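# Structure at a glance
Residues per chain, in single letters:
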Amino acid sequence: MSLTLKDCLNPWKAADGNIRVSGQLPVAGLDRLAGALLEINSDVDVNLEFKRTEEKLPILEGSLSGLLTLECQRCLEPMDLQVQSKFSMAFIRPGTTLDSEIYDLYEVEDEQICLTNVIEDELLLLLPQVPMHSDPVCVIETEFGDGIIEDTAEEKENPFAVLASLKDKLNN
């Protein structure tokens, strides 16, 4: 049986079998990610390798790359974001604690993980909080004209001036 990126599997068994999965995953099938994108007609290249560490910890080492189209929040025009990431995660069961500076921890319920969910989580982590073009590229055009706004408001009397004058009278 050959695995695809759309399959769900037991990460402990996959690590025991040194399973490798690679291919292209259409962004259109990733609902949470698609909601953050302007266009969903691209694919992401994915390579995944399940294995065990020397300590017998089941891990996944993966890489992904692709081009995502977001909406620039400054000019509201399309913005291409090249994503590329290498990641390593260790699988743990609920209630298990593990102190690791090398691996991200992925808690597995029901002894199964869906590869598309893992990939989508990694892609969501790569998105900027506020997508914007770099300054030279991003140009904001307005319809307000180029005129300089002058402050034509009249000088208003300070409402506390009366209190200041009373204070001066009391001090004298």
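My aim in this report is to walk through the structure given alongside it, one point at a time. Quantities reported herein were computed from a predicted structural model and do not represent experimental measurements. (Residues numbered from 1 in each chain as written. Predicted model: local features only at pLDDT ≥ 70, side-chain atom pairs only at ≥ 80, totals over all residues. Heavy atoms only, no water.)

### Some remarks on the nonpolar core
One broad rule of soluble globular proteins: the nonpolar side chains tend to lie buried together. Within the largest apolar cluster, 35 residues are counted, with the highest numbers of intra-cluster contacts made by Leu48, Phe50, Leu60, Phe91, Ile113, Ile119 and Leu123. Every element with two or more residues in this core is listed here: helix H1 (11–16), strand S2 (20–26), strand S3 (43–52), strand S4 (58–71), strand S5 (78–92) and helix H3 (115–126). Each residue touching Ile119, except ones within four places of it in the same chain, is listed here: Leu5, Leu25, Val46, Leu48 and Leu64. (Core = buried A, V, L, I, M, F, W, Y, C linked by side-chain atoms within 4.5 Å. Buried < 20%, exposed > 50% of the residue type's maximum accessible area, 1.4 Å probe, protein only. Helix = DSSP H or I, 4+ residues; strand = E, 2+ residues; numbered from the N terminus. Contact = heavy atoms within 4.5 Å.)

### What about the sheet that holds S3?
Read across the sheet, five strands follow the order S2-S3-S4-S5-S6 without closing on themselves; strand pairing throughout is mixed. Sheet topology places S2 and strand S6 (104–107) at the edges, where each strand pairs with a single neighbour. Direction aside, the axes of adjacent strands within the sheet are offset by 30° on average. For S3 and S4, the ladder comprises nine bridges, and the chain directions are antiparallel. Paired with Asp45 across the bridge in S4 is Ser65. (Pairing = 2+ DSSP bridges. Axes fitted to C-alpha atoms, helices over the stretch in contact; angles between N-to-C directions.)

### Points about the pairing of S4
Among the 14 residues in S4, ten count as buried, and that is most of the element. Where S3 hands over to S4, the hairpin turn is made up of five residues, of which Lys56 adopts a positive phi near 70°. Relative to S5, S4 runs antiparallel, the two sharing 13 bridges. The partner of Gly62 across the bridge, within S5, is Phe87. The turn joining S4 and S5, which pair antiparallel and follow one another in sequence, is formed by six residues; a positive phi near 60° is taken by Leu76.

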